[in-house]
Amino acid sequence: MTDGVDRQLLILYATETGTAQEIADRIARECRRAYFQCRVCSMGTYSPEDLISESFVLFVVATTGSGAEPRAMTPLWNLLLRSDLPRDLFEDLDFCVFGLGDSAYERFCWPAKKLSRRLLYLGAHEVCPRGEGDDQHRLGLDGALEPWIEQLLETLLLSYPLDPDVGELRPLGKPPPRITTADVTSASDTLEPYEADSNYFDVTVRCNRRITAEGWFQDVRHFELVSDRDIRYDPGDVAVIHPTVIDAEVDSFMLMMGWANVADVPFSISHSMLDQTLPNRVPRISTLRILFTYHLDFNAVPRRSFFRALRYFTTDDMERERLDEFLSPEGADELYEYCQLVKRTICEILSEFRSARIPRDYIFDVFPPLRPRQFSIASSVKRHPREIHLCVAIVKYRTKLKIPRRGICTSYLAGLKPGDKFRITVEKGLIKLPDDPHTPVICVGPGTGVAPMRAVIEDRIDAGSNATTLYFGCRSKLKDHHYGTEWEAYAERKQITYRVAFSRDGLEGTKRTYVQDLLQKDKDSVWDILGNQRGTLIISGSSNKMPAAVRGAVANIAEDCGKMLKEDALKFVNEVEREGRLIEECWS
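This one's a predicted model, so the numbers in the text were calculated from it and none came from an experiment. (Residues numbered from 1 in each chain as written. Predicted model: local features only at pLDDT ≥ 70, side-chain atom pairs only at ≥ 80, totals over all residues. Heavy atoms only, no water.)

**Student:** Account for the overall build of the protein, with residues named and values stated.
**Tutor:** Helices and strands together make up the secondary structure of the protein, namely 18 helices and 22 strands. In terms of overall size, the protein behaves like a compact globule, its C-alpha atoms giving a radius of gyration of 26 Å where 588 residues would be expected to give roughly 25 Å. Taking the principal axes of the C-alpha coordinates as reference, the protein spans close to 75 × 60 × 50 Å. Of all 588 residues assigned to the protein, the portion counted as buried reaches 53%. When contacts within the protein are restricted to residue pairs at least 6 apart in sequence, long-range pairs at least 24 apart make up 77% of them. Averaging the coordinates of the 76 positive side-chain charges in the protein and doing the same for the 88 negative ones gives two points 5 Å apart. (Helix = DSSP H or I, 4+ residues; strand = E, 2+ residues; numbered from the N terminus. Rg over C-alpha atoms; globule rule 2.2 N^0.38 Å. Buried < 20%, exposed > 50% of the residue type's maximum accessible area, 1.4 Å probe, protein only. Contact = heavy atoms within 4.5 Å. Lys, Arg positive; Asp, Glu negative; His and termini not counted. Charge placed at Lys NZ, Arg CZ, Asp CG, Glu CD.)

This is how it looks when you write it as structure tokens:
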């Protein structure tokens, strides 16, 4: 069949939201057509040192913030950056890369581009040109992914030829389910997925306090969580919380799907298609109710792949025709307007496609995982031993169809009362402070982006530093000035320099002021810190226009105060970042 050629392929993905994982699974399914056996693995669980022993690796790499790599990729990337690696280290490695990004950002697919260049530098062979999926494409990521997969398969047949009697690619058809299930007599007593995980630990809620004004459109909460054991974390690290769907929503979904009578029937779960991933910590014995409470997300706004899977299980002719229209290139705009634009959920879609009957064995192929949520820690463990503080915006809004929406995890957190317990873990963040606490640091953290800055400031003040400048931005001093009294008290004691922009408190008709405007006003001191004293700039918050605007302000300051040409000023900003003195901790 394979002309003596080893047809093994390792697919490594790095993701923050799960999209890269889903694409890795899809590529693995498609590679079955070329008779390849794939292993799909997260970079976060793969040992970077093992890469030297691989012969063929396909990387699927997302982009976070305005051009950073996902956290899972950082250990591998740091290893590849070592200066002592020989130029022929990967001379026996074939590889290809598919990047995920958004061309609205300057550093489009930046981690994928960096990875590809570095592997080539170290002697690896890129067997298929790099693919770059763009969220801005009218078909979304599929606009680049689908033609790239076809190009990949053609390349595989050329580089890894089949026996002549096998011939062409085999048709894919409906894929087999990634699990097989069988009824059993009883379920396990351990229902919560992280109960037995030693990396997770119990915390007790001591404080759940709203810190925005009552009646303000956004509900932001300050949480204080207390552990009965010692905790270790650094400024910029993140707390990871696994959401739980409320019972009433699960009951309603079970009823709508026709599963009410079997919701609590236990069954075994066997991972049968090993080239497809499963959510972490799926129990070997479970029930539909448990899976849709802890593991599978029926409230997600689905991607295009959901409709492709749904097509296999829909029997009504009109519904199948509508799905075919959605999945056609001509129907891309209609699908966007039906689903993404109005944030229609999987549950709502299934209520309209009533003929769909999803077999139990296919639930992990149709429904996306219910993913843990990450929240920047808003405290220093040095000041608050055995405590984790969080600053969380509670997700609550109405869609364009006027349907109310609530975030699963933040709604769960908002309902917690003092004394309630739940499990949590901590992961490394992207922020690294200077070793010398007297090295100046500029913190730019508007909105809830101030959460990790609170940890930074507490840590540095307790180390005896007064060389931190905080730029905070919000709409109103009286409505959403998060931790405002703390910053003002620190500034009065000369422990920090505090600059704040209240964008909606100005006179009607006047230009609004944002954090980037304050940086421009303070151009001399900003240049002294970054250009002369070699200080650090940390940017935290939403990865919309703010990070790029702050970087633009710094480039303008370098051009003005550093007497640089525009091109050199942009190079200066990039050089500061390469030196680890410009750090972005941003999220979409």
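**Student:** Lay out the side chain of serine 286 with the relevant residues and their values.
**Tutor:** In this fold, serine 286 is placed in strand β12 (residues 285-286). Judged by its relative accessible area of 0%, serine 286 falls in the buried class. For serine 286, the contacting residues outside a window of four places in its chain are Val265, Pro266, Phe267, Ile269 and Leu291.

**Student:** So what's going on with a positive patch on the surface? Residues and values would help.
**Tutor:** A contiguous patch of positive charge on the surface is contributed by Lys343, Lys396, Arg398, Lys400, Lys402 and Arg406. One can find lysine 343 in the loop between α9 (332-338) and α10 (346-352). (Patch = residues over 30% accessible without salt bridge, like charges linked within 9 Å, V, L, I, M, F, W, Y side chains within 5 Å. Areas by Shrake-Rupley, 256 points an atom, 1.4 Å probe, with all protein chains shown as cover. Salt bridge = Lys/Arg side-chain N within 4 Å of Asp/Glu carboxyl O.)

**Student:** So what's going on with the pattern of salt bridges? Residues and values would help.
**Tutor:** The full count for this structure, using the stated rule, is 51 salt bridges. In this structure, aspartate 230 engages arginine 386 in a salt bridge whose closest nitrogen and oxygen atoms are separated by 2.8 Å. On the criterion of sequence distance, the pair formed by aspartate 230 in the loop between β9 (220-226) and β10 (238-241) and arginine 386 in the loop between β13 (373-376) and β14 (387-393) is long-range, its members being 156 residues apart. Among the ionic pairs, aspartate 462 bridges to arginine 383, the shortest N-O distance being 2.9 Å. Linking aspartate 462 in helix α13 (residues 450-462) with arginine 383 in the loop between β13 and β14, this pair joins segments that are 79 residues apart in sequence.

**Student:** Hey, could you go over the sheet that holds strand β20 (residues 497-502) for me, with residue numbers and the actual values?
**Tutor:** Taking strand neighbours across the sheet as the criterion, the 5 strands line up as β20-β19-β18-β21-β22 in an open arrangement whose pairing is parallel. If you trace the sheet from one side to the other, it starts and ends with β20 and β22 (582-587), each paired once. Averaged over neighbouring strand pairs, the angle between their axes works out to 10 degrees when direction is ignored. Bridge count for strand β18 (residues 441-444) against strand β21 (residues 536-542) is 4 bridges, and the pairing is parallel. Opposite valine 444, over in β21, you have isoleucine 539 as the bridge partner. Contacts between helix α17 (residues 546-561) and the sheet are confined to β18, β21 and β22, with β21 contributing the most and set at about 155 degrees to the helix. (Pairing = 2+ DSSP bridges. Axes fitted to C-alpha atoms, helices over the stretch in contact; angles between N-to-C directions.)

**Student:** Tell me about the packing of aromatic side chains, residues and numbers included.
**Tutor:** Following the criterion strictly, the structure yields 22 aromatic pairs and no others. With a centroid separation of 5.1 Å and 55 degrees between ring planes, the pair formed by tryptophan 216 and phenylalanine 217 is classed as tilted. Ring pairs connect the aromatic residues Phe253, Trp259, Phe292, Phe298 and Phe367, which therefore count as one cluster. Directly above the ring of phenylalanine 267 sits arginine 360, whose terminal nitrogen or CZ lies 4.3 Å from the centroid. (Phe/Tyr/Trp six-rings, centres within 6.5 Å; stacked < 30°, edge-to-face > 60°. Lys NZ or Arg CZ within 6 Å of the ring centre and 35° of its normal.)

**Student:** Run through unusual backbone geometry, naming residues and quoting values.
**Tutor:** A negative phi holds for most residues other than glycine; trans holds for most peptide bonds. A positive phi is found at lysine 494, a non-glycine position, where the angle reads about 65 degrees. With respect to the helices and strands, lysine 494 occurs in the loop between α14 (484-492) and β20. Of note, lysine 563 is a non-glycine position whose phi angle comes to about 55 degrees, a positive value. Locating lysine 563 in the fold gives a position in the loop between α17 and α18 (566-578). Classification of lysine 563 as exposed rests on a relative accessible area of 70%.

**Student:** Before we move on, could you go through the sheet that holds strand β7 (residues 179-183) and cite the residues and values that matter?
**Tutor:** Taken in spatial order, the 3 strands make up an open sheet running β7-β11-β12, and their pairing is antiparallel. Both edges of this open sheet fall to β7 and β12, since each of them pairs with a single strand only. Where strand β11 (residues 267-271) and β12 come together, 2 bridges link them in antiparallel fashion. Considered in β12, the bridge of phenylalanine 267 is made with serine 286.

**Student:** Talk me through the packing of α13 against α14; I want residue IDs and the actual numbers.
**Tutor:** Orientation of α13 relative to α14, taken along the N-to-C sense of each, is 30 degrees, at an axis distance of 12 Å. Viewed along their axes, α13 and α14 adopt a mutual orientation that is roughly parallel. Crossing angle aside, the handedness with which α13 passes α14 is left-handed. Judged by residue contacts, Val450, Arg454, Ile457, Glu458 and Ile461 of α13 engage Glu486, Trp487 and Tyr490 from α14. Residues that form the contact of α13 with α14 fall into these classes: 5 nonpolar, no polar and 3 charged. (Parallel < 35°, antiparallel > 145°, perpendicular 65-115°, else oblique. Left-handed = near helix turned anticlockwise from the far one by under 90°. Nonpolar A, V, L, I, M, F, W, Y, C, P; charged D, E, K, R; others polar.)

**Student:** I'd love a proper account of a negative patch on the surface, names of residues and values included.
**Tutor:** Taken together, the side chains of Asp316, Asp317, Glu321, Glu325, Glu334 and Glu337 make up a negatively charged region of the molecular surface. Residue assignment for the negative patch shows that the elements contributing at least two residues are α8 (317-327) and α9. For the negative patch, the element with the highest residue contribution is α8, accounting for 3 residues. For glutamate 321, the location among the structural elements is in helix α8.

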